[in-house]
Amino acid sequence: MISELQEVVMNKPKVNEPQPLLAIEDLHVWYELRRFGFGHAGYVKAVDGVSFELAEGETVAVVGESGCGKSSLMKTILGLNTPTSGDVIFDSENLSSLNGDDLRQYRFKVGYVQQDPYGALPPFMNVQKILEEPLIISGMKNKKERLERIHKVMGEVKLHPVDDFLQKFPHMLSGGQQQRIVIARAMLREPKLIVADEPVSMLDASVRVEILKLMRMLQESHGLSVIYITHDLSTVKYFSARIFVMYAGNLIEKADTRRLLDNPLHPYSLALLAATSDPDARNADSFKEVPPGEPPSLVNPPKGCHFHPRCARAIAGLCDEKSPPEFEPEPEHFVACWLYE
Ligand code: SF4
């Protein structure tokens, strides 16, 4: 089942001359730290100079360990965080110029699939109420129209018979069914972009593939752009056309999925690949490259390359002094590492 889905993704033709739907330009998201009685105590630099573009209909995965800043990046794209500096441009509009009604309209164009489906669904509402609420908020006053829309998305996420499911409460559903409701809710207002935050990490392995297949099917049938946030490289290859590897608030490697998995360049990407449960024998040798240590503090990250204390290939006097810029050692494969200067 997995190889069938992988085949579809890997052989999918590239979008011709993609028009950026989303442009992230030199984005910084810093949170001020304040200590009681002492005032300002520094900044948590959760996102620290991220740039990328996403075409209409394109899928990218942002991969990294907990605490690397991917959640802050996601929340900023969703309009829930205000950038410290830099821009989020969606459909040619800068998010910083939107407020009130415009910001609400923007949020209708971006669907959000949460990591924990049970926590994402209000426990005291049945499925019909859960799905009607966002439609009412978005101004759909006609109940018949709302129910038609709900039946359509429930059919798309394959929850049948629809009328039975509409009367159920979240605790009466399996984890996979709950996640289908979360996806249905994200699809209700016909978004152009879906941001999926670890959407399968809390599900059983068998259900994970089904949910990824469902998301893939919806992405293709609606021409959706998707940002798939995950720590798990083993699921990325079944879903995303490009991979961005994130470390300590920066994207340190960006490439097509096949290119990055076949030829990871950054020592951290190698370590992440080695740490996946991927049974691919080609990755077995890189187990010995898993670096010791933890991700750095985002308040006081190490000087120079933030990865240098964990990197077996660090160059003394360079990596611990100067932050590496982005190099392009092969076409469309970008890496922030002095080894590729
Ligand atoms: Fe390792 Fe230096 Fe590359 Fe950083 S820049 S990943 S420390 S070799």
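Everything numeric in this text was worked out from a predicted model, so none of it was measured.

Turning our attention to the overall build of the protein. If you tally the helices and strands in the protein, you get 12 helices and 12 strands. In the protein, which comprises 341 residues, the proportion classed as buried is 50%. Contacts in the protein between residues far apart in sequence, at least 24 positions, make up 66% of those at least 6 positions apart. About 16500 Å² of surface is accessible on the protein, with carbon and sulfur atoms providing 51% of the total.

The next subject is empty space enclosed by the protein. Evaluation of the coordinates by the stated rule reveals 2 cavities of 30 Å³ or more. Computed from the structure, the largest cavity encloses a volume of approximately 90 Å³. Every residue along the wall of the largest cavity is listed here: His266, Pro267, Cys305, Phe307, Cys311, Arg313, Ala314, Cys319, Pro324, Cys337, Trp338 and Leu339. Class assignment of the residues belonging to the lining of the largest cavity gives a composition of 10 nonpolar, 1 polar and 1 charged. What the second largest cavity holds in volume is close to 70 Å³. Surrounding the second largest cavity, Val113, Ile183, Ala186, Met187, Ile194, Met215, Leu218, Gln219, Leu224 and Val226 form its lining. Listing elements by their share of the lining of the second largest cavity, those giving two or more residues are helix H8 (175-187) and helix H9 (205-222). Split by residue class, the lining of the second largest cavity holds 9 nonpolar, 1 polar and no charged.

Looking now at the pairing of strand S11 (residues 327-330). Two elements, S11 and strand S12 (residues 333-335), share 2 bridges in a ladder whose sense is antiparallel. Considered in S12, the bridge of phenylalanine 327 is made with valine 335. Hairpin connection between S11 and S12: a loop of 2 residues separates the two successive antiparallel strands, and glutamate 332 in this loop has a positive phi of roughly 60°.

Turning to the sheet that holds S11, a few remarks are in order. With mixed pairing, 8 strands are arranged side by side in an open sheet as S6-S7-S8-S3-S9-S10-S12-S11. Since the sheet does not close on itself, it has two edges, and those belong to strand S6 (110-113) and S11, each with one partner. The mean angle between the axes of side-by-side strands here comes to 20°, regardless of whether they run parallel or antiparallel. Alignment of strand S9 (residues 242-247) against strand S10 (residues 250-256), held across 6 bridges, turns out to be antiparallel. Residue pairing for S10: phenylalanine 244 is matched across the bridge by lysine 254.

Pairing is antiparallel across the open sheet formed by 4 strands, whose spatial order is S2-S1-S4-S5. What marks the edges here is a single partner per strand, and that holds for strand S2 (39-55) and strand S5 (93-94).

Summed over all chains, the structure comprises 7 aromatic pairs. For the pair tryptophan 30 and tyrosine 43, a centre-to-centre distance of 5.5 Å together with 50° between the ring planes defines the contact as tilted. Of the two residues, tryptophan 30 sits in strand S1 (residues 20-35) while tyrosine 43 sits in strand S2, which places them 13 residues apart along the sequence. According to the relative accessible area criterion, tryptophan 30 is partly exposed, its value standing at 28%. With a centroid separation of 5.2 Å and an interplanar angle of 85°, the aromatic rings of phenylalanine 90 and tyrosine 106 are classed as edge-to-face. Of this pair, phenylalanine 90 sits in strand S4 (residues 85-90) while tyrosine 106 sits in helix H3 (residues 100-109), and the two are 16 residues apart along the sequence. Tyrosine 106 shares its class with phenylalanine 90; the two are buried. Among the aromatic residues, those joined into a ring-pair cluster are Tyr247, Tyr268 and Phe307. Just above the ring of tryptophan 30 sits the side chain of lysine 45; from NZ or CZ to the centre is 4.7 Å.

Before going further, it helps to examine H3. Within the sequence span of H3, burial applies to Leu103, Tyr106 and Phe108. On the buried face of H3, the contacting elements are helix H2 (70-77), S4, S6 and helix H5 (127-137).

Calculation rules
- Residues numbered from 1 in each chain as written.
- Predicted model: local features only at pLDDT ≥ 70, side-chain atom pairs only at ≥ 80, totals over all residues.
- Heavy atoms only, no water.
- Helix = DSSP H or I, 4+ residues; strand = E, 2+ residues; numbered from the N terminus.
- Buried < 20%, exposed > 50% of the residue type's maximum accessible area, 1.4 Å probe, protein only.
- Contact = heavy atoms within 4.5 Å.
- Areas by Shrake-Rupley, 256 points an atom, 1.4 Å probe, with all protein chains shown as cover.
- 1 Å grid on protein atoms, 1.4 Å probe; cavity = no way out; pocket = protein on both sides within 12 Å on 5 of 7 lines; lining within 4 Å.
- Points joined across faces, edges and corners; volume = space filled by probe spheres on them.
- Nonpolar A, V, L, I, M, F, W, Y, C, P; charged D, E, K, R; others polar.
- Pairing = 2+ DSSP bridges.
- Axes fitted to C-alpha atoms, helices over the stretch in contact; angles between N-to-C directions.
- Phe/Tyr/Trp six-rings, centres within 6.5 Å; stacked < 30°, edge-to-face > 60°.
- Lys NZ or Arg CZ within 6 Å of the ring centre and 35° of its normal.

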